[in-house]
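Here are the chains, one letter per residue:
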Amino acid sequence: PIYLDYAATTPLDPKVAKKMKNYFTIDGNFGNAASRSHQFGWNAEEAVDIARNEIATLIGADSREIIFTSGATESNNLAIKGIYEFYKKKNNHIITSKIEHKSVLDTCRYLENDGCQITYLSPQSNGIIDIEEIKKNILPTTLLISIMHVNNETGVIQDIKSIGKLCKKKGIFFHVDATQSVGKIHINLKKLMIDLLSCSAHKIYGPKGIGILYVRRQPRVRLTAQIHGGGHERGMRSGTLAVHQIVGFGKACKILTKKMKKENIQYIQLRNMLWNGIKNIPEIYLNSPLKYITSNILNVSFNFIEGESLIMALKNLAISSGSACTSASLEASYVLRAMGVKDELAHSSIRFSLGRFTSINDIQRTIKKYIKQLINYEFFLHYGKC
Ligand code: PLP
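What you are looking at is a predicted structure, and each value in this text was computed from that prediction instead of being measured.

A. Spatial organisation of the site of the ligand. Looking at the ligand, the residues that line it are G71, A72, T73, H101, S103, M148, N152, D177, T179, Q180, S200 and G211. Looking at side-chain class alone, the shell around the ligand contains two nonpolar, nine polar and one charged residues.

Shown next as structure tokens:
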């Protein structure tokens, strides 16, 4: 099978796997980074410090601004709930968008039960959130704006530079879910006016189950902890640090600091090759213009075919569908619907996402062997319904 689902997750880079192997067993560095009284603890602590630096370097942060979590879902929860709980007596309004990842949207919905007021902005038809819309919706009580950097379904990039400037001017905190952009787009937190930023190792050839929340130190951002315990991570996230995961995350970032630029040129070439190979298929639609999207994602709809059916038919192609077949109903992508894409097309959307191990041969086979061969009349008849 060909793997074109890198936006869902990535395999470990073999160099990351090799590094992590040294952090499990008695002959390795298995210590608890919080054990301050012996060599095993010191070694683990040193490994964590190095990794923290490698991660901070990739995003232009200070290593003291990095809080380890179990992944971007937890980081988004900690950022939004944490800031709301700390500052809610002062301000209780949050602005976000309808196209955020569920870990942002569901967290916001949860806070509504506590009296938090949330504004969910719609994107324009190109998937971009209009800064004027943000301005219009700011209230005297607005505490936080949470807007993702790159959308996980469409790859559309938001203008976080301008939103950050606006937030700074208005004295509003700014949270960015950068899970899909880290490693694809150069991020320098020294230059961007972002207070909180979430990302995850498993999208960048690191291990699953580890992420970070960047929390700005100057001016200082305060959060109420969501996991209480030994006071790890400057009291913001307790729990014994997963040293092996952290070391893997660090290595993944170190590789990207070196390779990112070159790698993304390659993604763009392969992604364009894929689009050029399929764009003449009748009734195919590109869901986001190439000029607005990140290097590795292509989201298209095949009119008249439901995405799930297409995925079932393309068993040897690992891709994602924008619609989900449940027993009772078929739900179309909420992201595409928010962009105003017609229901039929939102149902029939497919996301291809490319990565480090995608070859020219993979793309050629995808075009010739799978996509073109399937898009014929019989296929429409056979798989046209979910
Ligand atoms: N945010 C975005 C934009 C994502 O794409 C994902 C992963 O799919 C997440 C958050 C959640 O990340 P994690 O799997 O690390 O919890």
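B. How the structure looks around the nonpolar core. With 96 residues, the main nonpolar core has I145, F173, L196, Y214, V243, I246 and A252 as its most contacted residues. Ranked by the residues each element gives to this core, the list is headed by helix α7 (residues 243-278), at twelve residues. Those residues in contact with L196 that lie beyond four places of it in its chain are A79, F173, H175, L213, Y214, V215 and V221. Ranked by size, the runner-up nonpolar core spans eight residues in total, among them I99, V335, M339 and V341.

C. Seen up close, the sheet that holds strand β15 (residues 349-353). An order of β9-β10-β15-β12 is seen for the four strands of this open sheet, with the pairing classed as antiparallel. Single-partner strands in this sheet number two, and they are β9 (284-286) and β12 (320-321). Relative to β15, β12 runs antiparallel, the two sharing two bridges. Within β15, the residue paired with S320 across the bridge is R351.

D. Summary view of the sheet that holds strand β5 (residues 142-146). Spatial strand order, β2-β8-β7-β6-β5-β3-β4: seven strands in an open sheet with mixed pairing. The sheet is open, and its two borders are formed by β2 (66-69) and β4 (117-121), each paired with just one other strand. Averaged over all pairs of adjacent strands, the angle between strand axes in this sheet comes to 20°, irrespective of strand direction. Relative to β4, strand β3 (residues 93-97) is paired through five bridges, and the arrangement is parallel. What sits directly across from T96, in β4, is Y120.

E. Structural context of helix α6 (residues 160-170). Turning to α6, its buried residues are I160, I163, G164 and C167. Projected down its long axis, α6 carries its buried residues within an arc of 100°, all on one side. With respect to the buried face of α6, the exposed residues turned more than 90 degrees away are K161, S162 and K169. Contact partners of the buried residues in α6: α5 (131-137), β5 and β6 (173-177). Remark: G171 follows α6 within two positions and exhibits a positive phi of approximately 70°.

F. Molecular detail of the domain arrangement of the chain. Domain parsing of the chain yields domain 1 (14-255) and domain 2 (259-383). The straight-line distance from the C-alpha centre of domain 1 to that of domain 2 is 29 Å. Of the residues lining the interface, 22 residues belong to domain 1; the matching set on domain 2 comes to 22 residues. The class makeup of the residues in the side of domain 1 that touches domain 2 is nine nonpolar, ten polar and three charged.

Procedures and definitions
Residues numbered from 1 in each chain as written. Predicted model: local features only at pLDDT ≥ 70, side-chain atom pairs only at ≥ 80, totals over all residues. Near = placed C-beta within 6 Å. Nonpolar A, V, L, I, M, F, W, Y, C, P; charged D, E, K, R; others polar. Core = buried A, V, L, I, M, F, W, Y, C linked by C-beta atoms within 7 Å. Buried ≥ 20, exposed ≤ 12 C-beta atoms within 10 Å, placed from the backbone. Helix = DSSP H or I, 4+ residues; strand = E, 2+ residues; numbered from the N terminus. Contact = placed C-beta atoms within 7 Å. Pairing = 2+ DSSP bridges. Axes fitted to C-alpha atoms, helices over the stretch in contact; angles between N-to-C directions. Arc of directions from axis to C-beta. Domains from an automatic or database assignment.

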